[in-house]
Amino acid sequence: MARIIVVTSGKGGVGKTTTSAAIAMGLAKKGFKTAVIDFDVGLRNLDLIMGCERRVVYDFVNVINGEATLNQALIKDKRCNQLFILPASQTRDKDALTKEGVGKILKELSKTFKYIICDSPAGIERGANLAMYFADDAFVVTNPEVASVRDSDRMLGILSSKSQRAENNDEAIKEYLLLSRYNPKRVKLGEMLSVDDVQDILSLHLLGVIPESQSVLTASNSGIPVILDENSDAGQAYTDIVNRYLGEEVPHRFIDENKKGLLGRLFGS
């Protein structure tokens, strides 16, 4: 059976789709057959970040409505033969997603895939609720800002009360914290919450800290999951996150400000 992971947050623009693409690619690169699904009906950004927007013929809603088979809609990643993308529709309403339809697709994918990543839209609308409903694990992505953390706290309440696991009195969804766009220098200046501040509010297991990085935007604009940029801090951070999720002991990085050496202090570089 597949493990279903929802990547969620309360606030938009925190890096959910970037995270979904990176985690999916990371798991696939480890040799696990992985599918990543875009639940953001009407907007559809995952295919852009994955660099497969021109290959979209059928989408998630087409499959739910019986207008295409799952095999027709799934797009195989060109860089990794273990990774498949199921894009969202840009022309349908969010109500086009149904619990029965989503459940049927996830059940079918679970027969052959090891991991299924659900890229959730922000907030608590239908697409977000359905992305969370069937989850086994939740990656809660938040920025180190009060509004973002507060909204993520609200999502935790929904995860614990409105999921299939909650309804069936099964073991709770495993929740993990991913802190994105983190800048230790700005934390020191009091412009951002610290890792400890966020954990005090959310009380979640910290899976990783993704540093504020230009490489994220560059990768997204190029249609390349940032985890493939092994020289970037963000790419390394996502690699660490995948390894930790798979049970490896990996020390946390990018939490503290890099201290300059003697020459750096003397010459300001």
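Just above, that's the structure.
Side note on the overall build of the protein chain
Argument step 1. Within the protein chain one finds 13 helices and eight strands.
Argument step 2. Taking 269 residues into account, the globule formula puts the C-alpha radius of gyration at 18 Å, and the protein chain, at 18 Å, falls close to it.
Argument step 3. Counting all 269 residues of the protein chain, 54% fall into the buried class.
Argument step 4. Summing over all exposed atoms, the protein chain offers an accessible surface of approximately 12800 Å²; the carbon and sulfur share of this is 47%.
Argument step 5. Treating the 34 positive side-chain charges of the protein chain as one cloud and the 35 negative ones as another, the clouds have centres 4 Å apart.

Digging into the sheet that holds strand β5 (residues 115-119)
Argument step 1. A sheet is described by the order of its strands in space; here eight strands give the open sequence β3-β4-β2-β5-β1-β6-β7-β8, paired in mixed fashion. With partners counted over all chains shown, the strands left at the sheet margins are β3 (75-76) and β8 (205-211), one partner each.
Argument step 2. Sheet topology note: the strand β2 (residues 34-38)/strand β4 (residues 83-86) ladder contains four bridges and is parallel. Residue pairing in the sheet places V36 in a bridge with I85 of β4.
Argument step 3. The sheet contacts of helix α5 (residues 99-110) involve β1 (3-8), β2, β4 and β5, and relative to β5 the element is tilted by about 150 degrees.
Argument step 4. Here helix α10 (residues 195-202) sits on the sheet in contact with β6 (137-142), β7 (174-182) and β8, set at roughly 150 degrees to β7.

Some words on the packing of aromatic side chains
One pair of aromatic rings is described through two measures. These are the centre distance and the angle between the planes.
Argument step 1. Taken as a whole, this structure holds eight aromatic pairs when the rule is applied.
Argument step 2. Geometrically, the ring pair formed by F32 and Y115 is edge-to-face, given 5.4 Å between the ring centres and 90 degrees between the ring planes. Here the residue F32 occupies a position in the loop between α1 (16-29) and β2, and Y115 occupies one in strand β5, the gap between them amounting to 83 residues.
Argument step 3. Using a relative accessible area of 25% as the deciding quantity, one classes F32 as partly exposed.
Argument step 4. Residue classification places Y115 among the buried positions, given a relative accessible area of 9%.
Argument step 5. Here the aromatic residues F32, Y115, F139, Y176 and Y245 are joined through ring pairs into a cluster of three or more.
Argument step 6. Over the ring of F113 we find K33; its NZ or CZ atom is 4.7 Å from the centre of that ring.
Argument step 7. One cation-aromatic arrangement involves K99 over Y133; the distance from NZ or CZ to the ring centre is 4.2 Å.

Calculation criteria
- Residues numbered from 1 in each chain as written.
- Predicted model: local features only at pLDDT ≥ 70, side-chain atom pairs only at ≥ 80, totals over all residues.
- Heavy atoms only, no water.
- Helix = DSSP H or I, 4+ residues; strand = E, 2+ residues; numbered from the N terminus.
- Rg over C-alpha atoms; globule rule 2.2 N^0.38 Å.
- Buried < 20%, exposed > 50% of the residue type's maximum accessible area, 1.4 Å probe, protein only.
- Areas by Shrake-Rupley, 256 points an atom, 1.4 Å probe, with all protein chains shown as cover.
- Lys, Arg positive; Asp, Glu negative; His and termini not counted.
- Charge placed at Lys NZ, Arg CZ, Asp CG, Glu CD.
- Pairing = 2+ DSSP bridges.
- Contact = heavy atoms within 4.5 Å.
- Axes fitted to C-alpha atoms, helices over the stretch in contact; angles between N-to-C directions.
- Phe/Tyr/Trp six-rings, centres within 6.5 Å; stacked < 30°, edge-to-face > 60°.
- Lys NZ or Arg CZ within 6 Å of the ring centre and 35° of its normal.

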